[in-house]
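Remarks on the overall topology
Next come the chains, spelled out residue by residue.
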Amino acid sequence: MIGRLLHRLMTSFLVLVGVLWIGFMMLQVLPADPAAVIAGPTGTEAEIEAIRRHLGLDQPLAFQFWLYLQRVAVGDLGRSVINNASVAAELLRAAVPTLELMLASMAWAVPSGLLLGAFAATRRGGLMDRAVMALSVAGVSVPVFWVGLLMIQFAAATRFFPIQGRGGPLWTAEGLSHIILPATALGLILIGPTARMTRTALADTLSADYVRTARAKGASELRVVADHAMRTAWLPIVTLLGLQVGTLMGGAVVTETIFSWPGVGRLAVGAIVSSDYPLAQGAILFLATAFIVVNIVVDLLYGVLDPRVRRSA
Amino acid sequence: MTGAAPTALPLRRARSRTLRRLLANPVVALAAGFLLLITLAAILVPLFSPFDPYETTLRLRLRPPGGDWLLGTDTQGRDLLTRLLYGTRTTLLLGLSGVAVGAALGGSIGILAAFYRRLDGPLMRLIDVFLSFPSILFGLSLAAVLGPGLNSLILAIGLSVMPGIARIARGAAASVMAQEYMDGGRVIGLPDRILMTRYLLANCAAPILVYVTLAFGDAVLLAASLGFLGLGLQPPTAELGSIAAEGRSFLFFAPHVSTAASALIFCIVLSFNLLGDAFRDAADKRFG
C-alpha cells in the first residue's frame, strides 16, 4: 500500500511539474514586456532594465521557471492584467462556488446513478435495463450547454428558479434555489456513466458463488444486492467515479459559463477570452491541481475498500 | 503481406459478415444512415442551397422556422439550415483532424510501448494520467498558450483522444508481439522500423480503427463545447458550437437558433456513440 501510494505520488508530482510548466509558458506569451508595464509610460530605459533584473527576466528560461515555482509555492500567482486583482485571491473566492456546484451535482447524481444501475443489473434484458442503457448513452452524448439552455428556457417560462448567478451559501434558501438548475444540468452528465458502470459491476458479482450462497441461506433480495454483491462492485464504481471527476470538471466549466456561476471555470474561460494570461494561468493551474489531488484521494479510497490493496506491500 | 497473407481471405469474409450483422440492428442502421446523410449534406450543401452562408441581411434576422427558410434565419439574417450544414462540415472536419492527430500520437505511443519493453512502464504511466485528465482543460490551456483557433482546437482534440487510442494500440500490439511471425521477422534480420510498421501496425490496425470510431463522438462534443465557450474558431466561420452560442442571447424570443444547433450536435454525437458501442461489442467478440 505504501509503495503503491509513493509510486502514485511520484507520478502526480511529475504531472504537477508539467502543469506548472504549461502555466509558466502561458505567462511567456504575454504580448507586453512586464518590466515596461511596471515602469509605466514615464519609465526610463535604465529603470526598465533594473526592474527586469529585479524580476529575473534577464535570466535563462530554466532559471525563470525556478523563480516561478518559488512564487507559486508561496501562493503568489501574479496579478490580473485587466483589474490588477491578486490572482490567488480571485481563485480563492471562485473556488467555493465551484466546489459547491460539483458537490451538489454529485449529491443527487451519484445515488440516482447507483440506484438506476442496480435496478438495471437485477433486471438484465428487461425494459428498465434497456431504458437505463439508453439513458446512459444519451447522457454521454448530449452537450452540457444544451441541457443548460433547455433548463433556462424552462425556468424562464415557469419562473420557478432563478437562472443566473449564485444566491449565497448553500444553507440559505436563496443559495439553494440558485444552485438547483446548474447542479441538475451538471449532474445529468454523471448519471449515465455511473449507472452503466454500476450495472456492469453488479451484473458480474450477482452471478458469483457467494451471492448464490447468500440467496440460498435466505437473505432478502435487498440484502443480497446491497450488502453482498455491492461490496465487491464498489471497486470499479469508485475507480470510475474518480475518472468522472475530470468529466465533471469539464462540464462545470461549461455549466458555470451558462448560468453565470461565479466559479473557477467561468473565471478561466473569461480570462482566456480577454487574454488575461496571469488569471488564465492561475485558474488552469488550480483546476489541474485540484484534479490531481482528487485522484490521489480516490486511490486512497481504493485501499480502504479493497483489503487486498491495503495489505499488498 | 508476409505474415497476414494466409489469413487475409477468410478475414475479409468474416469482416463483411460482421458488418452485415451490425447493420441488421435497427439502431445501428439508423445511426449509420443519419451520419451518412448528414455528411453528404454537409459536403454537398454549396450545390443545393440557394443561400450564402456568410452574407448577412439584418432586416431578415431571427425569422422563425417555416416559409422561405426551412429552419428560420440566424442572428445575422442568414438561412439557419445552410449555416448548420456548413457548421457540420467544420465540426466534422475538426473532429476528423483531431482524431487523426490523436490516432497518430496514440498509435505510435502504444506500438512503441509494446515493442520496447523498457519504455512500457513510463509511457503507460504517462498515458494513465492523460486518460482521466479533463479534456476541456486541454482546450483551455492550449487556447491560452496558442490563442483560440484551429491549431489549438485540433491539438486539444488530439490530446484528449490520444490516451484511449494508446492503450488500445498497446494491448493489440502486445498480443501481436507474442505471435511467431514477429520472431520470424526478427530472425531474418529485419530492422525495428519495418517490424513496427509492416508487422505490428499492419496487424493491429483493426482494433485501433474500431476505437477511433468510439473516439469520434467525444471529439465532436469537445469541438462543439470549446466552440460554444468562444475558444474555438472565431466568427464568422460557421461551427455548430458557436452557432449554439450565438443564439444564446436570443433564447427567449428566438430559441430555434440554439436549439437546432444543439440538437444537431446531440444527434451526431449520439450516432457516433451508438455506432462505436456496436463496433466495440462486435470487436470484443472477434478480437476476444
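Conventions and cut-offs
- Residues numbered from 1 in each chain as written.
- Chains lettered and ligands numbered in written order.
- Predicted model: local features only at pLDDT ≥ 70, side-chain atom pairs only at ≥ 80, totals over all residues.
- Helix = DSSP H or I, 4+ residues; strand = E, 2+ residues; numbered from the N terminus.
- Buried ≥ 20, exposed ≤ 12 C-beta atoms within 10 Å, placed from the backbone.
- Contact = placed C-beta atoms within 7 Å.
- Nonpolar A, V, L, I, M, F, W, Y, C, P; charged D, E, K, R; others polar.
- Domains from an automatic or database assignment.
- Axes fitted to C-alpha atoms, helices over the stretch in contact; angles between N-to-C directions.
- Parallel < 35°, antiparallel > 145°, perpendicular 65-115°, else oblique.
- Left-handed = near helix turned anticlockwise from the far one by under 90°.
- Core = buried A, V, L, I, M, F, W, Y, C linked by C-beta atoms within 7 Å.
- Expected span 1.5 Å × (residues − 1).

**Topic: the overall build of chain B**
Along its length, chain B carries 10 helices and 0 strands. Taken from the N to the C terminus, the helices and strands of chain B come in the order α-α-α-α-α-α-α-α-α-α. Seen along its three principal axes, the alpha-carbon backbone of chain B occupies a region of about 75 × 45 × 30 Å. Going through the 288 residues of chain B one by one, you find that 44% of them count as buried. Sequence-distant contacts, at least 24 apart, represent 70% of the contacts inside chain B between residues at least 6 apart.

**Considering the overall build of chain A**
Looking only at helices and strands, chain A has 13 helices and 0 strands in total. Reading the helices (α) and strands (β) of chain A from amino to carboxyl end gives α-α-α-α-α-α-α-α-α-α-α-α-α. The C-alpha extent of chain A, read off along each of the three principal axes, is 90 × 60 × 35 Å. When each of the 313 residues of chain A is scored for burial, the buried share is 36%. Of the contacts formed within chain A by residues at least 6 apart in sequence, a portion of 69% connects residues at least 24 apart.

**A closer look at the interface of chain B and chain A**
In many reports, interface size means the accessible area that the parts give up when they come together. Each side of the interface is counted separately: chain B has 35 residues, and chain A has 37 residues. Here the element with the most residues in the side of chain B that touches chain A is helix α10 (residues 256–287) of chain B; it accounts for 9 residues. Classifying every residue of the side of chain B that touches chain A by side-chain character gives 23 nonpolar, 9 polar and 3 charged.

**Topic: the domain arrangement of chain A**
By domain assignment, chain A separates into domain 1 (2–73) and domain 2 (90–273). Centre-to-centre separation of domain 1 of chain A and domain 2 of chain A, based on C-alpha positions: 38 Å.

**Here's the deal with unusual backbone geometry**
At A:S260, a residue that is not glycine, the phi angle is positive and equals roughly 50°. Overall, the presence of 13 C-beta atoms within 10 Å leaves A:S260 in the partly exposed class.

**A look at the packing of helix α3 (residues 80–115) of chain B against helix α8 (residues 192–228) of chain B**
All names here are of chain B. Running from N to C, α3 and α8 point in directions that differ by 140°, and their axes come no closer than 7 Å. When the axis of α3 is compared with that of α8, the two are oblique. Where α3 crosses over α8, the two elements pack in a sense that is right-handed. Residue-level contacts link T91, L94, G95, G98, V99, G102, A103, G107, I111 and F115 of α3 to D192, M196, L200, L201, I208, V212, A215, F216, A219, V220, A223 and A224 of α8. Across the contact of α3 with α8, the residue classes tally to 16 nonpolar, 5 polar and 1 charged.

**Description of the nonpolar core**
Of all hydrophobic cores here, the largest spans 148 residues; its most connected members are A:A268, A:A280, A:A283, A:I284, A:L287, B:I157 and B:I165. No other element matches the 17 residues that α8(B) contributes to this core. There are two domains that each give this core at least three residues, and those are domain 1 (2–73) and domain 2 (90–273) of chain A. Sequence-distant contacts of B:I157, that is, excluding residues within four places in its chain, are made with B:L94, B:G95, B:G98, B:V99, B:G102, B:A219, B:L222 and B:A223.

**Some thoughts on helix α7 (residues 144–158) of chain A**
Residue and element names in this part refer to chain A. In this model α7 runs 21 Å from its N-terminal to its C-terminal C-alpha over 15 residues, within 8% of the 21 Å that 1.5 Å per residue would give. Listed as buried for α7 are V144, F145, W146, V147, G148, L149, M151 and I152. The first or second residue beyond α7 is R159, which carries a positive phi of 60°.

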